[in-house]
Amino acid sequence: MANLTLAPRWASSVLQLGNTAYVDCGTPTVLNNLTSFTLEAWVNVSSLNGFQSVVGNVDNAVGGQYQLFLESGYVYAYVGIAPYLIKSTLPITVNEWHHLASVFDGTTSSLSLYVDGVAVAQSTFSGTLPASGTNMLLGAVMQQSSPIWYLQGQLGRIMIWNSVRDAEDILNDSVQVNNYSAVQNPNLIFYSDFSEMPGVDSSGNNIALNFKNNVQYAFNVPSVVLGADGYVDCGSFPEYSIPGNAPYTIEGWFFPGSSSNGILLSYGLDGAWEYKVSYQNNQVIGQRNSDSISLASAASVLPLSYYHFALSYDSDVKALSLYVNGNLQAIDYFPSPVTAVPNGHVLVGAQYDSNGNIIDNFGGSIQNLRIWNVCLEQSEIVQWMYNDVITDNRLISNFDFTVNPPIDTTDKSTLELDNGAVQQLQTVNVLTTEQIALLGIPQSINAIYLNQNVETPVPPPTDILFASQPKVFTEDHKEESWAQFEDWFGSKNGGPATEGFRQQFDNAYEKARQMFDENANLSRVFTRTDTNGITRIIYHGVKADMLVYEGAIGAESDCTLWWIQFIFALTVGFLQAVGLAPTTGNIATRIYNLLRANQTVMNAMSSMAGKAISATAAIGFVGVIYQQGLMWTIIKFVLTSAGWYALFWILRKVIAIVTGLEAAAILAGFIVWATQLTILSLKYNTACGQLLQSTNVSPSFNS
């Protein structure tokens, strides 16, 4: 049984299969009698040994309609027409997520196999597809009515379509985070996303999932896993010292292991300390160096579950309070002032002894820790348990271990993982029959509206010029976009792009043109209204419209607003092209200020502006944002909740794109995104021309 009651931010689940576990979906009519089909699956196998079935309705003894399976790591697609099989040229890797897909076109009798969005095999068959198959299974296949070929690993998402998905659809699904609506996708006949418990069929057909032989969910929480001797050195910063009777709050999420006892967070040096929070004998303990007493939680804090703690000091009444999971556990009078410890370090998972050695290692996992310069009320503690702080001037630090490498979002320090501490997914296994699996765990959100601080934009840059741009969707625009991709591909791979890439680019370019033709708002990029004393700006992205700016008319110059829009389109537009549908608004000024403050990013902006803006160039700029450690903060800005596999998966895809592991520049969504940036650049002189003239800069720009 899992001891899991609460879920911290950005947690998610996958289906864990092992030994003889599998899922039986029966023989519903909608999954049979298919003349064409597409199978898609996200798979993470722990072993490449032998045969392992992913999804299919086949009995090996009598045949069936469709199947995806592995043999020694090679991917096979099966269709019920001789010679039945096609195979990948290379095996997949173990302990990594892979997107597998097979597509059968009944009109041409052709079967195609894709691995991670790339076509790896294709063949044409002759004959008639059987009208039906046997039970549709996930993680196994039937042989004479008994399951075999059990999958050893994890399933993330399974989709079955009764239609032919084209190469770009498959590539999009392998790169993007697409959530499909049953109403909008009637050809989607089976759709199970195991990132949220309980796993169900969301296609609208309500196909029952029967979990067999100890199927479990692996509930994953991105955290820093400390191990026996690991700890995190958060460095030394003057604000970490909170001497006297100054108020503060220390709070965060932690996961005690089966034998965890030790320090969760401490501030001190060479045996001297100001404050610390520890976990001892199933209790959370809070201390400050001013008094000889400590606070201990009243309720048992058992191992192998996530908990939230908060230790707050109220300077008005000189009371120290301890909370667990938002509930007050203890409160006491601490009148004496804290003795200052200058130049101390904040350590996560340990403390210093008098000789400067690391002692009292915690040994569990920690997801995040924050230090505030105020005493938070209980209602605020509960609020920030389930929300990420975006900007709040009361924060001293915000140590975020949900991303690799971990960061302090206040940018005060670089976090150093020592002695075996590692950022990874902390997994809790949950049986599908447990109540928490049947009811599900409420997913945390990142509520931007809870951050009430007004963000004032800094002045716009005056030294960036935009080069002449080809008119969008002309032959010049198309060939310049392709030429930049070819240059990038050649530098990355040491040779020219293949004809297949060119064909894929041509198809995507035409699809992008069609998207513009069908949605006039895409060419507007932004819509601005000035009514009732308020300026409102809406961004028309690939995935959704978003409120970008809302403020008093005339509060900001047209040039400042242009830069806010352009940077928003660069960053949030990129995330929409990845497939995310950001759900928070009015955060554009925060993103603008974040990038304006980074000179390396602004230098890259100037470089990008000096040539035609293509998807390749724009992705290169986003790569600089990632290298500067800002992408994670932007993702937190724009998402109220992570998609499947939490932000761990999202960031992995972003990294793959910006580092060139995914050729995303030839996807239609990214071409649309880059075209919108080109359209915006053509409006730069109108918005900022006066500023350029006042600084004696002449724009090299064609309107």
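Residues numbered from 1 in each chain as written. Predicted model: local features only at pLDDT ≥ 70, side-chain atom pairs only at ≥ 80, totals over all residues. Heavy atoms only, no water.

Asker: Any details on the packing of helix α7 (residues 558-578) against helix α8 (residues 588-596)? Residues and values, ideally.
Answerer: Relative orientation of the contacting elements α7 and α8 amounts to 90°, with a least axis distance of 9 Å. With respect to their mutual orientation, α7 and α8 come out roughly perpendicular. Here Trp-563, Ile-564, Ile-567, Phe-568, Thr-571 and Val-572 of α7 come into contact with α8, specifically with Ala-588, Thr-589, Ile-591, Tyr-592 and Leu-595. Here the residues of the contact of α7 with α8 sort into nine nonpolar, two polar and no charged. (Axes fitted to C-alpha atoms, helices over the stretch in contact; angles between N-to-C directions. Helix = DSSP H or I, 4+ residues; strand = E, 2+ residues; numbered from the N terminus. Parallel < 35°, antiparallel > 145°, perpendicular 65-115°, else oblique. Contact = heavy atoms within 4.5 Å. Nonpolar A, V, L, I, M, F, W, Y, C, P; charged D, E, K, R; others polar.)

Asker: Describe in detail the environment of Met-602, supporting the description with residues and values.
Answerer: By secondary structure assignment, the location of Met-602 is in helix α9 (residues 599-609). Met-602 sits 19 residues away from Phe-621 along the chain, and the two C-alpha atoms are 9.7 Å apart. Apart from the residues within four sequence positions on either side, Met-602 is in contact with Pro-461, Ile-464, Leu-595 and Arg-596.

Asker: I'd love a proper account of the pattern of salt bridges, names of residues and values included.
Answerer: Scanning all chains against the criterion turns up 13 salt bridges. The residue Asp-169 makes a salt bridge to Lys-511 at a minimum N-O spacing of 3.7 Å. Of this pair, Asp-169 sits in helix α1 (residues 167-175) while Lys-511 sits in helix α5 (residues 499-518); the two residues are 342 residues apart in sequence, bridging distant segments of the chain. Given a relative accessible area of 18%, Asp-169 falls into the buried group. (Salt bridge = Lys/Arg side-chain N within 4 Å of Asp/Glu carboxyl O. Buried < 20%, exposed > 50% of the residue type's maximum accessible area, 1.4 Å probe, protein only.)

Asker: Go over the environment of Gln-565 with me, naming the residues and quoting the values.
Answerer: Structurally, the position occupied by Gln-565 is in helix α7. With 39 residues separating them along the chain, Gln-565 and Phe-526 place their C-alpha atoms 7.7 Å apart. Discounting residues that sit within four places of it in the chain, Gln-565 has contacts with Phe-526, Ile-537 and Leu-680.

Asker: Break down the pairing of strand β4 (residues 51-59) for me, with residues and values.
Answerer: Of all nine residues that make up β4, eight are buried, and the element is covered over most of its length. Counting the residues between successive antiparallel strands, the hairpin from β4 to strand β5 (residues 63-71) contains three residues. Direction of pairing for β4 relative to strand β11 (residues 137-138): antiparallel, over a ladder of two bridges. Its bridge partner being in β11, Val-55 is matched across the sheet by Leu-138. (Pairing = 2+ DSSP bridges.)

Asker: Give me unusual backbone geometry: which residues, what numbers.
Answerer: Residue Pro-83 follows Ala-82 across a cis peptide bond; omega there is 5°. Secondary-structure assignment places Pro-83 in the loop between β6 (74-79) and β7 (85-87). Looking along the chain, the bond that leaves Met-197 and enters Pro-198 is cis, with omega of -5°. Take Pro-198: it is sitting in the loop between β15 (188-193) and β16 (210-212). The phi torsion at Ser-109 lies on the positive side, around 55°, for a residue other than glycine. Relative to the helices and strands, Ser-109 resides in the loop between β8 (98-105) and β9 (110-115). Of the residues examined, Ser-109 reaches a relative accessible area of 13% and is grouped as buried. The phi torsion at Lys-318 lies on the positive side, around 55°, for a residue other than glycine. Mapped onto the elements of the fold, Lys-318 is located in the loop between β24 (307-314) and β25 (319-324). In this structure Lys-318 comes out as partly exposed when scored by relative accessible area, which is 25%.

Asker: Mind laying out a negative patch on the surface, listing which residues take part and the relevant values?
Answerer: Taken together, the side chains of Glu-475, Asp-476, Glu-480, Glu-486 and Asp-487 define an acidic patch exposed on the protein surface. For Asp-487, the location among the structural elements is in helix α4 (residues 475-493). (Patch = residues over 30% accessible without salt bridge, like charges linked within 9 Å, V, L, I, M, F, W, Y side chains within 5 Å. Areas by Shrake-Rupley, 256 points an atom, 1.4 Å probe, with all protein chains shown as cover. Lys, Arg positive; Asp, Glu negative; His and termini not counted. Charge placed at Lys NZ, Arg CZ, Asp CG, Glu CD.)

Asker: Tell me what's going on with the sheet that holds strand β37 (residues 545-552), and back it up with residues and numbers.
Answerer: In space, the three strands of this open sheet follow the order β35-β36-β37, with antiparallel pairing throughout. Sheet topology places β35 (526-531) and β37 at the edges, where each strand pairs with a single neighbour. On average, adjacent strands in this sheet sit at an angle of 15° to one another, irrespective of strand direction. Direction of pairing for strand β36 (residues 534-540) relative to β37: antiparallel, over a ladder of seven bridges. The residue of β37 that forms the bridge with Ile-534 is Ala-552. The strands touched by α7 are β35, β36 and β37; relative to β36, the strand with the most contacts, the crossing angle is about 30°.

Asker: Explain the side chain of Ser-260 to me, and be specific about the residues and the numbers.
Answerer: Structurally, the position occupied by Ser-260 is in the loop between β19 (248-255) and β20 (262-269). At 2.6 Å, the side chain of Ser-260 forms a polar contact with the backbone nitrogen of Gly-257. Other than its neighbours up to four places away in sequence, Ser-260 contacts Tyr-279, Phe-362, Gly-363 and Gly-364. (Polar contact = N/O pair within 3.5 Å; in protein donor to acceptor, adjacent residues only side chain to side chain.)

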